[in-house]
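Each chain, written out:
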Amino acid sequence: ILRVSHTYLKRLVLTRPHMSTSRCGKICITLPSNGVLTGVYPASPSSWLIVVIAIMSTMYARIDPSMGMIDRIKTSLPVSEFMTVQTQTVLSAILFATGLWLSFIFLLRYILKALLSYHGWIFESHGKMSFSTKVWLSLVKLLSGRRPLLYSFQASLPHLPVPSIDDTINRYLESVRPLLDDEQYKQMEIVANDFKKDPAPKLQKHLKLKSWWATNYVSDWWEEYIYLRGRDPIMVNSNFYTMDLLYVIPTHRQASRAANIVHAMLQYRRKLERGELTPLRALGIVPMCSFQYERMFNTTRIPGIETDFVQHLKDRKHLVVYHRGRFFKVWLYYGGRHLWPSELELQFQGILDDKSESQPGEIKLPSLTAGNRVPWARARLKYFNEGVNRASLEAIETAAFFMTLDDEAHGYDPENIRSLDLYAKSLLHGKCYDRWFDKSFTLIVYKNGKTGINTEHSWADSPIIGHMWEYVLATDCFHLGYTAEGHCKGDINKSLAPPTRLQWDISKACQEIIEGSYMIAKGIADDVDFHDCLFNEFGKGLIKKCRTSPDAFIQLALQLAHYRDKGEFCLTYESSMTRMFREGRTETVRSCTCESTAFVKAMEDESTTQRLALFKKAADKHQNMYRLAMTGAGIDRHLFCLYIVSKVMGIDSPFLKQVLSEPWRLSTSQTPQQQLNLIDTQKFPKYVGAGGGFGPVADDGYGVSYIIVGENLITFHISSKFSSTETDSFRFGQNIRQAMLDIRALFNPKEKKM
């Protein structure tokens, strides 16, 4: 149950500013040229000149297209001895043309927003596009312009709609039906219907009011109450990780790999700040919201007593590196340019070669970010508010990002079945004191050249950091490259200033707090049971030949595996995106359905012969739910926001309390591949990513992240807790593998050979 303050919520609802105002302003301030291009999209600055010339031409032809408005503008201009009648006429025509041009832009945006509010296309069968959808796509493509920038579509994206109470309640009851017996379900129906009568209409009215003035009625509350107001450790519980390439290590030189990766990240950041990245578009046409990208770099979660906040700054010119218990500040610019990879390699090698000892309390200092939030917030105010401690902490919190040069070696070893498990645990929590978990992300580079990322969750979701990581890995391997000896390419500027050691003065009392945070974090980390399962018997290629959605196939396999693992069904969370709406983040797909449970039971009953039909029915149901979630008709975000409003109004709702307290014993998420054009996996089959994962959500449940890699590989990242006697991540991985094979066997022998 969320713990919320009535006064704070009231202030939030009444005074929360428009979420995107500051973002738009920041884009324009940071990027004057591209800010203008984004601001006038889908028109272009040159189109203004065309309109002006056209209006001026009609005037010289003695035609007044303004129907007298130019004359009215002229009479309203101040009379001056320096402004002739002809000058007044020209200026009036330019002002009218500018107004006409701006009106045309707003009209185009309004039409595009109206077109993007249509989502019928997503419900059509794959490969069967209706004539109306083809016409709709043509219109969207026509109005989308030729070369959109990252933020070009933001003003044209529709707002997330508020579902009706009836639809949400009916879908909720449908989702819990397979988990309740008849008596429990009857009781739930009574509670839900009581809520539907009162207070749901009151809450819905206030929520709709918010949806009219807020850019997105969910996203600000989601960030605030799901992430920032949590007082428990964010390590494992919130942060997630992303792995390196699965089979390839481009160089085993730690400093060289770190240098190329950092330089590629700086290139990506420059494109991001200029808005030059291509916006993600479904079907290559329908745009996705890009607002989450903005806080990728130069961002830190700052701890508070009651709530944290996200601090995002403009372009930062330094990086902080952690190595063997010491912190180093590394400048990323020289003479107004980024350091070249060879120059960064020299800087990082200097850190690796540095034999100095850590200062008292310095080694485990990052564990403050891994423990409970309140002790960290209090320690920050008391011990890091002045002197060298404040200066050093400010260097960390204002850095572009944080990097750890790890003294361990990790990665995939085909001879060691648990190698990926150890790699995953290292990325997720490390030693509990060698990652700065509050930074937007921590780059980890191991001594064997393997890398990975640990990401703080409040500012964005995994597809955002994944987009950057895809670009970085492709740039590292196919554009920057290495010498035959494994060093970075390019000359070395030996006149660069070496990295600077950060200084600390950490008292005994502060060291005790640090140790306390470390012990809490270590207890959490030691309890994480992780298993990474490489499933290479078949992949997306065969699944599509079975005319089934790969995601639905995998979700049904997870339901079958869970039933075999624990002998029961459970509330299942699958994350889907709502980025077709402005500032959209995620929605929940409740994957355990009446259809899926019927299929699973049929698989366990040898006398049943309708397994394939039940599978297809369950897969179709899952696909429809996923589409509903993507188009704003999900269940859980609506119920979450109704709960927040109930707290504002001081209304106690047994229904909402029960809904929000239900545990997700199976929490799942797919890591999407977004830029397939960056690496030709047909030509370079070994250059595939391994995806990423997250910690267990429930004490007695599983967390499962998966990535469908190419045509013949699916990687599952499975987490649970050793302290639970009901779970075993390796066992669950074996059950998933067998479930995938058993479902494949439902199809005819000819398809099995494909």
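Bear in mind that the values here come from a model prediction, so they are computed numbers and not experimental data.

Broken down by element type, the protein chain carries 26 helices and 20 strands. Computed over the C-alpha atoms, the radius of gyration of the protein chain is 28 Å, within 12% of the 27 Å expected from 2.2 N^0.38 for a compact globule of 754 residues. For the protein chain, the spread of C-alpha atoms along the three principal axes comes to 90 × 70 × 60 Å. Of all 754 residues assigned to the protein chain, the portion counted as buried reaches 57%. For the protein chain, restricting intrachain contacts to residue pairs at least 6 apart in sequence, the fraction spanning at least 24 positions comes to 79%. Roughly 32500 Å² of accessible area belongs to the protein chain as shown, and the carbon and sulfur atoms make up 56% of that amount.

What follows covers the pattern of salt bridges. Tallied over the full model, the rule gives 37 salt bridges. Where Arg-564 meets Asp-742, a salt bridge forms, and the shortest distance between an N and an O atom there is 2.8 Å. One end of the pair, Arg-564, is in helix α20 (residues 550–566); the other, Asp-742, is in helix α25 (residues 729–744), with 178 residues separating them in the sequence. Several salt bridges converge on common partners, so that one network encompasses Arg-231, Arg-301, Asp-308, Arg-373, Asp-438 and Glu-456.

Per the UniProt record, "active site" (unreviewed entry) is found at His-457. Note that His-457 resides in the loop between β12 (451–455) and α17 (462–480). Overall, the relative accessible area of 17% leaves His-457 in the buried class. Setting aside chain neighbours within four positions, we find His-457 in contact with Tyr-227, Ser-238, Asn-239, Phe-240 and Arg-585.

Judged by pairing direction, the sheet is mixed, and its 6 strands sit side by side in the order β14-β20-β19-β17-β15-β16 without closing on themselves. At either end of the open sheet lies a strand with only one pairing partner, and these are β14 (528–535) and β16 (586–590). Pairs of neighbouring strands in the sheet enclose a mean axial angle of 20°, with direction left out of account. Strand direction decides the pairing type here: strand β15 (residues 572–577) and strand β17 (residues 666–670), joined by 3 bridges, are parallel. Looking at β17, one finds that Tyr-573 is bridged to Ser-667. The strands that helix α23 (residues 636–648) touches are β15 and β16; relative to β16, the one it contacts most, it runs at about 115°. On the sheet, α25 packs against β14, β17, β19 (702–709) and β20 (713–721) and is oriented at approximately 25° with respect to β14.

The domains assigned to the protein chain are domain 1 (42–117 + 127–144), domain 2 (235–526) and domain 3 (536–631 + 664–749). Centre-to-centre, using C-alpha coordinates, domain 1 lies 48 Å away from domain 2. Counting the surface lost from both domain 1 and domain 2, the interface buries some 430 Å², and carbon and sulfur atoms represent 88% of this. It is Leu-116, Leu-137 and Ser-144 in domain 1 that bury the most area against domain 2; as a group they hold 62% of the surface buried on that side. Taken together, the links from domain 1 to domain 2 amount to 0 salt bridges. Taken together, domain 1 and domain 2 are joined by 0 residue pairs in polar contact (both at pLDDT 80 or more). Sorting elements by how many residues they give to the side of domain 1 that touches domain 2 places helix α7 (residues 131–143) first, with 4 residues.

This part is about the packing of helix α21 (residues 594–604) against helix α22 (residues 611–630). Relative orientation of the contacting elements α21 and α22 amounts to 155°, with a least axis distance of 8 Å. Between α21 and α22, the crossing angle belongs to the class labelled roughly antiparallel. The two elements α21 and α22 meet at a crossing, and its hand is left-handed. For the pair formed by α21 and α22, the contact residues are Glu-595, Ser-596, Ala-598, Phe-599, Ala-602 and Met-603 on the first element and Arg-611, Leu-614, Phe-615, Lys-617, Ala-618 and Lys-621 on the second. Looking at the contact of α21 with α22, its residues break down into 7 nonpolar, 1 polar and 4 charged.

So, about the pairing of β17. Most of β17 sits out of view: 4 of its 5 residues are buried. As judged from the 5 bridges shared by β17 and β19, these two strands associate in the parallel manner. The partner of Thr-668 across the bridge, within β19, is Val-704.

Turning to the UniProt feature "domain: Choline/carnitine acyltransferase" (unreviewed entry) in the protein chain, a few remarks are in order. With numbering aligned to this structure, UniProt lists the feature "domain: Choline/carnitine acyltransferase" (unreviewed entry) at residues 160–738. Counted over residues 160–738, helix gives 42% and strand 16%. Its end C-alpha atoms are 40 Å apart.

Pairing is mixed in the open sheet, where 8 strands are placed in the order β13-β7-β6-β10-β11-β12-β1-β18. At either margin of the open sheet sits one strand with a lone partner, and together these are β13 (500–501) and β18 (692–694). Bridge count between strand β7 (residues 326–331) and β13: 2 bridges; the pairing is antiparallel. Residue pairing across strands places Lys-329 opposite Thr-500, the latter belonging to β13. Contacting β6 (318–323), β7 and β10 (402–405), helix α15 (residues 387–397) runs over the sheet at an angle of about 105° to β6.

Ranked by size, the top nonpolar core spans 52 residues in total, and within it Val-262, Met-265, Met-296, Phe-348, Met-403, Leu-443 and Met-468 carry the most contacts. Residues in contact with Val-262, not counting those within four places in the same chain, are Leu-319, Leu-332, Leu-344, Phe-348, Phe-401, Met-403 and Leu-443. Formed by 48 residues, the second largest nonpolar core is a distinct cluster that contains Tyr-241, Phe-327, Ala-379 and Tyr-433.

In this model, helix α18 (residues 508–526) (19 residues) spans 26 Å end to end at C-alpha, consistent with the 27 Å of a helix rising 1.5 Å per residue. Along α18, the residues classified as buried are Cys-510, Ile-514, Ser-517, Tyr-518, Ala-521 and Ala-525. Seen from one end, α18 has its buried residues packed into an arc of 105°, which puts them on one side. In this structure, α18 carries Lys-508 and Glu-512 as exposed residues pointing more than 90 degrees from its buried face. Elements in contact with the buried residues of α18: α14 (373–383), α16 (419–428) and β14.

The next thing to look at is a nonpolar patch on the surface. There is a patch of nonpolar side chains on the surface, built from Phe-104, Leu-107, Tyr-110 and Ile-111 and spanning about 430 Å² of accessible area. Locating Leu-107 in the fold gives a position in helix α6 (residues 85–116).

Okay, the side chain of Lys-540 next. With respect to the helices and strands, Lys-540 occurs in helix α19 (residues 540–545). Each residue touching Lys-540, except ones within four places of it in the same chain, is listed here: Pro-550, Ile-708, Gly-710 and Glu-711.

With that out of the way, let us pick up the packing of aromatic side chains. Within this structure, the stated rule accounts for 34 aromatic pairs. Ring-pair connections join several aromatic residues into one group, and the members of that group are Tyr-322, Phe-327, Trp-376, Phe-384, Phe-402, Trp-436 and Trp-504. Over the aromatic face of Tyr-185 sits the side chain of Arg-177, whose NZ or CZ is 4.5 Å from the ring centroid.

The subject of this paragraph is the environment of Ala-602. Position of Ala-602 among the secondary structure elements: in helix α21. Filtering out sequence-adjacent residues up to four positions away, Ala-602 remains in contact with Thr-608, Arg-611 and Leu-614.

According to the stated counting rule, one finds 4 cavities of 30 Å³ or more in the structure shown. Considering only enclosed or pocket space, the second largest cavity measures out at about 120 Å³ in volume. Considering the residues around the second largest cavity, the lining is formed by 19 residues, among which Leu-160, Val-218, Thr-578, Thr-586 and Arg-637 are closest to the centre. Those elements that provide at least two residues to the lining of the second largest cavity are α11 (219–228), β16 and α23.

Conventions we followed
Residues numbered from 1 in each chain as written. Predicted model: local features only at pLDDT ≥ 70, side-chain atom pairs only at ≥ 80, totals over all residues. Heavy atoms only, no water. Helix = DSSP H or I, 4+ residues; strand = E, 2+ residues; numbered from the N terminus. Rg over C-alpha atoms; globule rule 2.2 N^0.38 Å. Buried < 20%, exposed > 50% of the residue type's maximum accessible area, 1.4 Å probe, protein only. Contact = heavy atoms within 4.5 Å. Areas by Shrake-Rupley, 256 points an atom, 1.4 Å probe, with all protein chains shown as cover. Salt bridge = Lys/Arg side-chain N within 4 Å of Asp/Glu carboxyl O. UniProt positions renumbered as here; feature names shortened; annotations may be inferred. Pairing = 2+ DSSP bridges. Axes fitted to C-alpha atoms, helices over the stretch in contact; angles between N-to-C directions. Domains from an automatic or database assignment. Buried area = accessible area lost by both parts, 1.4 Å probe. Polar contact = N/O pair within 3.5 Å; in protein donor to acceptor, adjacent residues only side chain to side chain. Parallel < 35°, antiparallel > 145°, perpendicular 65-115°, else oblique. Left-handed = near helix turned anticlockwise from the far one by under 90°. Nonpolar A, V, L, I, M, F, W, Y, C, P; charged D, E, K, R; others polar. Core = buried A, V, L, I, M, F, W, Y, C linked by side-chain atoms within 4.5 Å. Expected span 1.5 Å × (residues − 1). Arc of directions from axis to C-beta. Patch = residues over 30% accessible without salt bridge, like charges linked within 9 Å, V, L, I, M, F, W, Y side chains within 5 Å. Phe/Tyr/Trp six-rings, centres within 6.5 Å; stacked < 30°, edge-to-face > 60°. Lys NZ or Arg CZ within 6 Å of the ring centre and 35° of its normal. 1 Å grid on protein atoms, 1.4 Å probe; cavity = no way out; pocket = protein on both sides within 12 Å on 5 of 7 lines; lining within 4 Å. Points joined across faces, edges and corners; volume = space filled by probe spheres on them.

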